[in-house]
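This is what each chain is made of:
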Amino acid sequence: MVAANMDDQGCPRCKTTKYRNPSLKLMVNVCGHTLCESCVDMLFVRGSGNCVQCDTPLRKSNFRVQLFEDPAVDKEVEIRKKVLKIYNKRDTDFPSLKEYNDYLEQVEDIVFSLTNNIDVENTKRIMEQYQRENRDIIQRNKARLTREQEELEELLLLEQQGSEQRRLETLQEEQRQLLAKKKNKQALLDELESSHLPATLLLAQHKNRAAQLDTQIEMQRQIVKPPVFSTGIPVGQTISLQPVAHLQEALYRYHPLHIETYGPQVPEFEQLGRLGYLNHVRATLPQDVAGGYSSGLACHRAVQDAFSALFLVPH
Amino acid sequence: MYHNSSQKKFWTFENEECLEKLRFQSNQKFRAKVRGSGKELKGLDESSFLNPFEEDVLFRHYERRLLEFCANFKPVMPKSVVGTAAMYFRRFYLHNSVMEYHPRIIMLTCAYLACKVDEFNVSSSQFVGNLPETAAGQEKALEQILEYELLLIQQLNFHLVVHNPYRPLEGFLIDLKTRYTTLENPEMLRKTADDFLNRATMTDAGLLCSPSQIALTAVLNSASRAGITMESYLAECLGLKDDKETLCKMIDLMRRIKNLLKKYELPNSDEVNMYKQKLERIHAEFVNTIPTGNTGPSFMEIMPSPQSLAAETFKAMHHHCRS
């Protein structure tokens, strides 16, 4: 998508552009024409008025901030939202794919006609008729939609809760480990104070306990280790460092290209000068040489043509 | 080069009988077409068709017209373009009958296409400016040329590169000057050899042998006219000293080419007029009634060419053109 130049989009009335007023917001209404925020406030101070360009009666509340460069697109988006509120059948509601596609085509035709102001009356009538006929289906689908949305929300919530819980758990784990270490230290100090055992023995015991704690922590961490590396190789698979088996193939031999000319042999291009051919062609002018032409080219071509298929006789 | 060209593969035939047969077949094909489309009698019957001899007379007449047109062309048309145009004309009427497509238009279309293929840049208005007609007549002719162009390309089977004997002739002259020192001034052979080649374009020689062979025949012919024998050239320089068999075959072939040239007759103007009248009648009567199918527009009506044919044609041209 091409980035809109700040200077391009402008209000059709006051001609202010985004370049001059960066916080300018363009608003679109149901007729598809744009106005900047300040113009909207000015013109629709009484709440309703007529569009500047097409004179359709409009309400201030119908103005929405323009999301797209082309106001026609915004208009269509609005129309589509409204249409789809009514035409909300799904693919499961149709017995065959073709009918679903026909239905979708219908919807598109309606959106198109409304957007381009073709036959608006007729289209609105069709819409109303459809609404009347399919009232219950529309209701059902609306309900379904809300249900689905709720389900989605629940799932999201669950996920969030799950991740929260996990976070809390890890935090608690860490806390516990810290606590355990502290306790150990404290225990050592207490024992050094009160116990009758020699200091070295106490130290050794302490060290043991600390080591045990560490291994415990490690083990807990181990459980969380993933079974595969990010590339997909399972952890623990031994990669052999043996050399790869050497594939024996036939070595390529170069054979120069040979084209049968059915005629006598033509002298080589490089030999033409030496053999004296070039004395009998027109010498090159300096202008020709500049372009890369040399008299040998014409000479060689003529001789090649003279000898080509010279000995070829039909049976 | 000629030895791996489409001309050698597809447009070089074994003998004159093959060519005669092809022309006879196209004649028959046209008759069958007319018969099959439910001919309205209007006093016309089998005898109103042209037979191969009459077709040949008309062909030669229009061929001369083509060569005259190219000779009087402004700006001066290079010989290779003329040769290419004549070859197109000849090839076209191998597989098509003069009764089906009038040679008057096909001749101009051949020249036009040859200019394009040989990169002799002439705008279409410049081209029709060479016609002896009013501006309106020239416009109409141009329209007709453009209509028939795709048909022509299709009937040439998209083999558009034609190898003419003019460059081989130059090659032989260069080679003679370089290696064959017994001959003092090969340049004097040029004029008669050129004339020989021009006469050869009016025969089937181009469809039967390679252009280098035609050029060699031209050189040897003009040498013998001047009273010089060049047997030693063949033996020494072309390395045929030891290869007697090929040497014999070559000499035989050159004799055949000379015969072809000798056999050529100028078309008799009375005959030509008579057959022309017949041809006009056929075109007026039959060509309108034949369903056009996909072989191009009928002569009298100006119908736009089918778009799909145009698209396919240009795609295929890119593949087949350069060979």
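The coordinates are above.
None of the values given here were measured: they were computed from a predicted structure.

Scoring rules and cut-offs
- Residues numbered from 1 in each chain as written.
- Chains lettered and ligands numbered in written order.
- Predicted model: local features only at pLDDT ≥ 70, side-chain atom pairs only at ≥ 80, totals over all residues.
- Heavy atoms only, no water.
- 1 Å grid on protein atoms, 1.4 Å probe; cavity = no way out; pocket = protein on both sides within 12 Å on 5 of 7 lines; lining within 4 Å.
- Points joined across faces, edges and corners; volume = space filled by probe spheres on them.
- Helix = DSSP H or I, 4+ residues; strand = E, 2+ residues; numbered from the N terminus.
- Nonpolar A, V, L, I, M, F, W, Y, C, P; charged D, E, K, R; others polar.
- Salt bridge = Lys/Arg side-chain N within 4 Å of Asp/Glu carboxyl O.
- Phe/Tyr/Trp six-rings, centres within 6.5 Å; stacked < 30°, edge-to-face > 60°.
- Buried < 20%, exposed > 50% of the residue type's maximum accessible area, 1.4 Å probe, protein only.
- Contact = heavy atoms within 4.5 Å.
- Buried area = accessible area lost by both parts, 1.4 Å probe.
- Expected span 1.5 Å × (residues − 1).

Asker: Where do I start with the layout of surface pockets in this structure?
Answerer: Gaps between atoms show up when a probe of the same size as a water molecule is rolled over them. Residue and element names in this part refer to chain B. What the largest pocket holds in volume is close to 670 Å³. Around the largest pocket, the lining is made up of 24 residues, and of these R23, D56, R60, R90 and D204 lie nearest the centre. Taken together, the elements giving at least two residues each to the lining of the largest pocket come down to α2 (16-36), α3 (52-71), α4 (79-95) and α13 (244-263). Of the residues in the lining of the largest pocket, the class split is 10 nonpolar, three polar and 11 charged.

Asker: I'm lost on the pattern of salt bridges in this one. Help?
Answerer: Close approach of charged atoms allows side chains of opposite charge to pair. Residue and element names in this part refer to chain B. For the structure shown, the criterion picks out 27 salt bridges over all chains. A salt bridge links K79 to D194, with the shortest nitrogen-to-oxygen separation between them at 3.1 Å. In this pair, K79 sits in helix α4 while D194 sits in helix α9 (residues 188-201), placing the two residues 115 residues apart along the sequence. Of the charged contacts in the structure, one is a salt bridge between E149 and K116, with a shortest N-O distance of 2.6 Å.

Asker: It is not clear to me how the packing of aromatic side chains should be interpreted in this structure. Could you clarify?
Answerer: Each aromatic ring pair is characterised by the separation of its centres together with the angle its planes make. The tally for this structure, following the rule as stated, stands at 20 aromatic pairs over all chains. Seen in terms of ring centroids, F44(A) and F63(A) are 5.2 Å apart; in terms of plane orientation they differ by 65 degrees. Their pairing is edge-to-face. Residue F44(A) is located in the loop between α1 (37-43) and β3 (48-50), and its partner F63(A) is located in the loop between β4 (57-59) and β5 (64-65); the two are separated by 19 residues in the primary sequence. Residues F44(A) and F63(A) agree in their burial class; the two are buried. Between F92(B) and Y93(B), the ring centres sit 5.0 Å apart and the planes meet at 90 degrees, which makes this aromatic pair edge-to-face. On the basis of relative accessible area, Y93(B) is assigned to the buried category, the value being 5%.

Asker: Explanation requested: the interface of chain B and chain A in the structure shown.
Answerer: It is common to give the size of an interface as the accessible area that goes away when the parts come together. With 28 residues of chain B at the interface, the matching set in chain A holds 26 residues. Carbon and sulfur atoms supply 68% of the area buried between chain B and chain A, which totals about 2400 Å² over both sides. At the junction of chain B with chain A, the criterion picks out one salt bridge. The partner of R167(B) in a salt bridge is D305(A), with the nearest N and O atoms 2.7 Å apart. For the side of chain B that touches chain A, the secondary structure elements donating two or more residues are α8 (166-179), α11 (211-225) and α13 of chain B. A per-element tally of the side of chain B that touches chain A places α8(B) first, with 10 residues. Its residues assigned to classes, the side of chain B that touches chain A comprises 11 nonpolar, eight polar and nine charged.

Asker: Help me understand helix α9 (residues 295-307) of chain A, please; the structure alone is not making it clear to me.
Answerer: Residues three or four positions apart in an α-helix share a direction because the helix packs 3.6 residues into each turn. All names here are of chain A. Its 13 residues give α9 an end-to-end C-alpha distance of 19 Å, which sits within 8% of 18 Å, the value for a rise of 1.5 Å per residue. Along α9, the residues classified as buried are S295, G296, C299, H300, A302, V303, D305, A306 and F307. Just downstream of α9 lies A309, where phi reads positive at about 55 degrees.

In short, geometric facts, not functional conclusions.
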